[in-house]
Amino acid sequence: MREQRRRRGRGGPVDPEPGGEAVAVGAAMLSRSSFTSLVVGVFAVYVAHTCWVMYGIVYTRPCPAAAAAGGGGGGGAAAAGCVWPYLSRRPKLQLSVYTTTRSSIGAESNVDLVLNVEDFDIESKFERTVNVSVPKKTRNNGTLYAYIFLHHAGILPWHDGKQVHVVSPLTTYMVPKPEEINLLTGESATQQIEAEKQTNALDEPVSHWRSRLTLNVMVEDFVFDGSSLPADVHRYMKMVQLGKTVHYLPILFIDQLSNRVKDLMVINRSTTELPLTVSYDKISLGKLRFWIHMQDAVYSLQQFGFSEKDADEVKGIFVDTNLYFLALTFFVAAFHLLFDFLAFKNDISFWKKKRSMIGMSTKAVLWRCFSTVVIFLFLLDEQTSLLVLIPAGIGAVIELWKVKKALKMTIKWQGLRPKVQFGTYSDSEKKTEEYDTQAMKYLSYLLYPLCIGGAGYSLLNVKYKSWYSWLINSFVNGVYAFGFLFMLPQLFVNYKAFNTFIDDIFAFIITMPTSHRLACFRDDVVFLVYLYQRWLYPVDKSRVNEYGESYEEKPKKKAHRE
């Protein structure tokens, strides 16, 4: 207003719409805020819907007529429509495990009995290791199946009309992990030829042995409503008619989530026997339904192109944690994706509006781009889970785009040949670059010797799959060790501060390389140093600015006459 009065006094032009620019800026901010609110709202609805679905899985409505029937399964018309548990009769059971190369069997021929548990107690947990004979067909990349029978004691499963059984392959096909070697051992020419043959063979999937077999039996005396049987459990149920009531036989379940990649063993042609650990534990109805859905989800991931290793990372989330920690894992992973999205959004929004590099280091932008790409290549070489790899790849693409903005690059096409042009820098931007160059000069005196020394040490003492693996590991170790030195202490509002601590929890839940896990704590160090600096050097509100004003001065109000 003061400036406008001066312009009126001098006869200068006055803006026709004072505050019009502020209104436009406010509208843009409102638009961005509305989009963020929409994303957060959709996320909240998704979390609420997931919680409701999970509740529907773990809770099953019992048969209403079961209480009127007295709970014994013999209530006549009162129990109509109910499906009663056969285990409530307390039958004497036996567990038998057979192996065969056939996917279906009709008699006891061509099968080998590997485990027989007489007087099987469904309430007692056990674990036994047996040696299984490996047929020649299986050694030649064939498949070996395990048939698990739960039947009445003293009766062969083939002669028991009330037996239940499940089938599980004991072999799977996977490309074996290449062996790591010392790159400076100086292999002979013969060893190199053998290594090349082995490398070519490793490109093809070979048969692996599943050394664990985990069994469960649903032990609850739960009475189902026959008109609304849960579809997930129904496919594991076998019904029998006993008198006027319908019973379901014991629900035998194979826990496929316990089949981890770390337990797989390559089947050699000279191998005749392999160990198999058979473990059993009872399971509740709610956990059984939850486990069935999780196994279906892992199977769906594999159908969508996820590798065995990626599916194994998801399995580890469920198998290696209890249900309470699993719920925490779900919420942490969901919030991690949300804050990753918001961080990417704000980062793009900030750089999209950036027209000048004053106060911003171009070399720091180049360093961040280089380090992000190296980290992505390192995670790709380590075959890390897609839950970690995909956000790293998106971050690398964004950093490449930021380099284009920082260098003021424009690409013009001359026919089919691109021509790259660089913009010019202002005097203020050149001054920033001078300070940046000086800082990088002194930092390089420490950075380069340590990186070269670390790369040499790892070459002598650590085994790698290839020279490329050593090179990318050396680069990423330098990036992880010194990356925090290049982090700018500029915390604009982009949700990264809170996402820092979400990343810390995420790092201990999702399987990833140890060096990448430790690197997640670099942000914490910088953030804590920033908070310490804010405490050490508080804002001096009594300091007078260039207009002769300070925050502590209260504006003098003019007296109004009424």
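Residues numbered from 1 in each chain as written. Predicted model: local features only at pLDDT ≥ 70, side-chain atom pairs only at ≥ 80, totals over all residues. Heavy atoms only, no water.

Visitor: Account for the nonpolar core, naming residues and giving values.
Guide: The biggest cluster of nonpolar side chains holds 36 residues, and the ones touching the most others in it are I148 and L213. If we ignore the near neighbours within four places in the chain, the residues touching L213 are V97, A146, I148, S168, I254, L276, T277, V278 and S279. Membership of the second largest hydrophobic core comes to 25 residues, among which are I57, V83, L288 and A311. (Core = buried A, V, L, I, M, F, W, Y, C linked by side-chain atoms within 4.5 Å. Buried < 20%, exposed > 50% of the residue type's maximum accessible area, 1.4 Å probe, protein only. Contact = heavy atoms within 4.5 Å.)

Visitor: Give me the lowdown on the sheet that holds strand β4 (residues 126-133), citing residues and values where you can.
Guide: Here we have 4 strands laid out as an open sheet, ordered β4-β15-β9-β13, and mixed in their pairing. Lying at the two open borders of the sheet, with one neighbouring strand each, are β4 and β13 (252-254). Sheet twist, expressed as the average angle between the axes of neighbouring strands with direction ignored, equals 25°. Strands β9 (212-218), β13 and β15 (273-283) of the sheet are contacted by helix α7 (residues 285-303), whose axis makes an angle of about 40° with β13. (Pairing = 2+ DSSP bridges. Helix = DSSP H or I, 4+ residues; strand = E, 2+ residues; numbered from the N terminus. Axes fitted to C-alpha atoms, helices over the stretch in contact; angles between N-to-C directions.)

Visitor: Please give an account of the packing of α7 against helix α8 (residues 308-319) that cites residues and values.
Guide: Relative to each other, α7 and α8 sit at 160°, their axes nearing to 9 Å. Comparing the axis directions of α7 and α8 gives the class roughly antiparallel. Here α7 runs over α8; the crossing is right-handed. Listed contacts from α8 to W291, M294, V298, L301 and Q302 of α7 are E308, A311, V314, K315 and F318. Residues that form the contact of α7 with α8 fall into these classes: 7 nonpolar, 1 polar and 2 charged. (Parallel < 35°, antiparallel > 145°, perpendicular 65-115°, else oblique. Left-handed = near helix turned anticlockwise from the far one by under 90°. Nonpolar A, V, L, I, M, F, W, Y, C, P; charged D, E, K, R; others polar.)

Visitor: Give me the lowdown on a nonpolar patch on the surface, citing residues and values where you can.
Guide: On the surface, a nonpolar cluster with roughly 560 Å² of combined accessible area is contributed by W52, V53, Y55, V58 and Y59. Relative to the assigned elements, V58 resides in helix α2 (residues 20-58). (Patch = residues over 30% accessible without salt bridge, like charges linked within 9 Å, V, L, I, M, F, W, Y side chains within 5 Å. Areas by Shrake-Rupley, 256 points an atom, 1.4 Å probe, with all protein chains shown as cover. Salt bridge = Lys/Arg side-chain N within 4 Å of Asp/Glu carboxyl O.)

Visitor: Run through the side chain of R289, naming residues and quoting values.
Guide: Relative to the assigned elements, R289 resides in helix α7. There is a polar contact of 2.9 Å between the side chain of R289 and the side chain of T60. Aside from chain neighbours lying at most four places away, what touches R289 is G56, I57, Y59, T60, P230, D232 and V233. (Polar contact = N/O pair within 3.5 Å; in protein donor to acceptor, adjacent residues only side chain to side chain.)

Visitor: Run through the state of the cysteines, naming residues and quoting values.
Guide: Structurally, a disulfide amounts to a covalent bond that connects the sulfur atoms of two cysteines. Applying the stated criterion across every chain yields a total of 1 disulfide. Paired through a disulfide, C63 and C82 show a sulfur-sulfur distance of 1.9 Å. The disulfide joining C63 to C82 has a torsion of about -70° about its S-S bond and is therefore left-handed. Taken together, the positions of C63 in the loop between α2 and α3 (65-68) and C82 in strand β1 (residues 82-85) put the pair 19 residues apart, joining distant regions of the chain. A residue is classified by how much of its surface remains accessible, and C63, at 6% relative accessible area, is buried. (Disulfide = S-S within 2.5 Å.)

Visitor: Could you give an account of the packing of aromatic side chains, with specific residues and numbers?
Guide: The final tally for this structure, using the stated rule, is 15 aromatic pairs. For the pair F120 and F126, a centre-to-centre distance of 6.3 Å together with 90° between the ring planes defines the contact as edge-to-face. Taken individually, F120 and F126 each receive the classification buried, so the pair is uniform in this respect. Aromatic side chains Y147 and F149 sit 6.5 Å apart centroid to centroid with 20° between the ring planes, which places their arrangement in the stacked category. Classification of Y147 by relative accessible area gives buried; the value is 3%. Taking NZ or CZ as reference, R128 lies 5.3 Å from the ring centre of F126, over its face. Lying across the ring of W291, K287 places its NZ or CZ 5.3 Å from the centre. (Phe/Tyr/Trp six-rings, centres within 6.5 Å; stacked < 30°, edge-to-face > 60°. Lys NZ or Arg CZ within 6 Å of the ring centre and 35° of its normal.)

Visitor: Mind laying out the sheet that holds strand β3 (residues 112-120), listing which residues take part and the relevant values?
Guide: Strand order in the open sheet formed by 4 strands is β3-β2-β5-β6, and the pairing between neighbours is antiparallel. Because the sheet does not close on itself, it has two edges, and the strands there are β3 and β6 (164-169). Shown here is a sheet whose adjacent strand axes are inclined to one another by a mean of 15°, direction ignored. The sheet contact formed by strand β2 (residues 93-100) and strand β5 (residues 145-152) spans 8 bridges and is antiparallel. Directly across from L95, in β5, lies its bridge partner L150.

Visitor: Any details on the UniProt feature "transmembrane region" (unreviewed entry) in the protein? Residues and values, ideally.
Guide: According to UniProt, the positions carrying the feature "transmembrane region" (unreviewed entry) are residues 38-58, 323-344, 365-380, 442-460 and 466-488. As a span, residues 38-58 carries 100% helix and 0% strand, and end to end its C-alpha atoms are 30 Å apart. The span residues 365-380 is 100% helical and 0% strand by assignment, and the distance between its end C-alpha atoms comes to 23 Å. (UniProt positions renumbered as here; feature names shortened; annotations may be inferred.)

Visitor: Lay out the environment of C369 in plain terms, naming residues and giving numbers.
Guide: One can find C369 in helix α10 (residues 362-381). In this structure, the C-alpha to C-alpha distance between C369 and A396, residues 27 residues apart in sequence, is 6.6 Å. Among all residues touching C369, those that are not within four sequence positions of it are E399, L400 and V403.

Visitor: Can you explain α8? Please cite residues and give values.
Guide: Here α8 spans 16 Å end to end across 12 residues, near enough to the 16 Å set by a 1.5 Å rise per residue. Most of α8 sits out of view: 10 of its 12 residues are buried. Buried within α8 are the following residues: E308, D310, A311, D312, E313, V314, K315, G316, I317 and F318. (Expected span 1.5 Å × (residues − 1).)

Visitor: Help me get a handle on α7, residues and values and all.
Guide: In an α-helix, one full turn covers 3.6 residues, which means residues spaced three or four apart are oriented alike. Counted at 1.5 Å a residue, the expected span for α7 with its 19 residues is 27 Å, and the 27 Å between its end C-alpha atoms agrees. If you check which residues of α7 are buried, you get L285, G286, L288, R289, F290, W291, I292, M294, Q295 and V298. Positive phi shows up at G305, right after α7, with a value of about 105°.

Visitor: Quick rundown of the pairing of strand β12 (residues 245-248)? Include the residues and the values.
Guide: Strand direction decides the pairing type here: β1 and β12, joined by 3 bridges, are parallel. Note that in β12 the partner of V83 across the bridge is V246. Bridge count between strand β11 (residues 239-242) and β12: 4 bridges; the pairing is antiparallel. Its bridge partner lying in β12, V240 is registered against H247.

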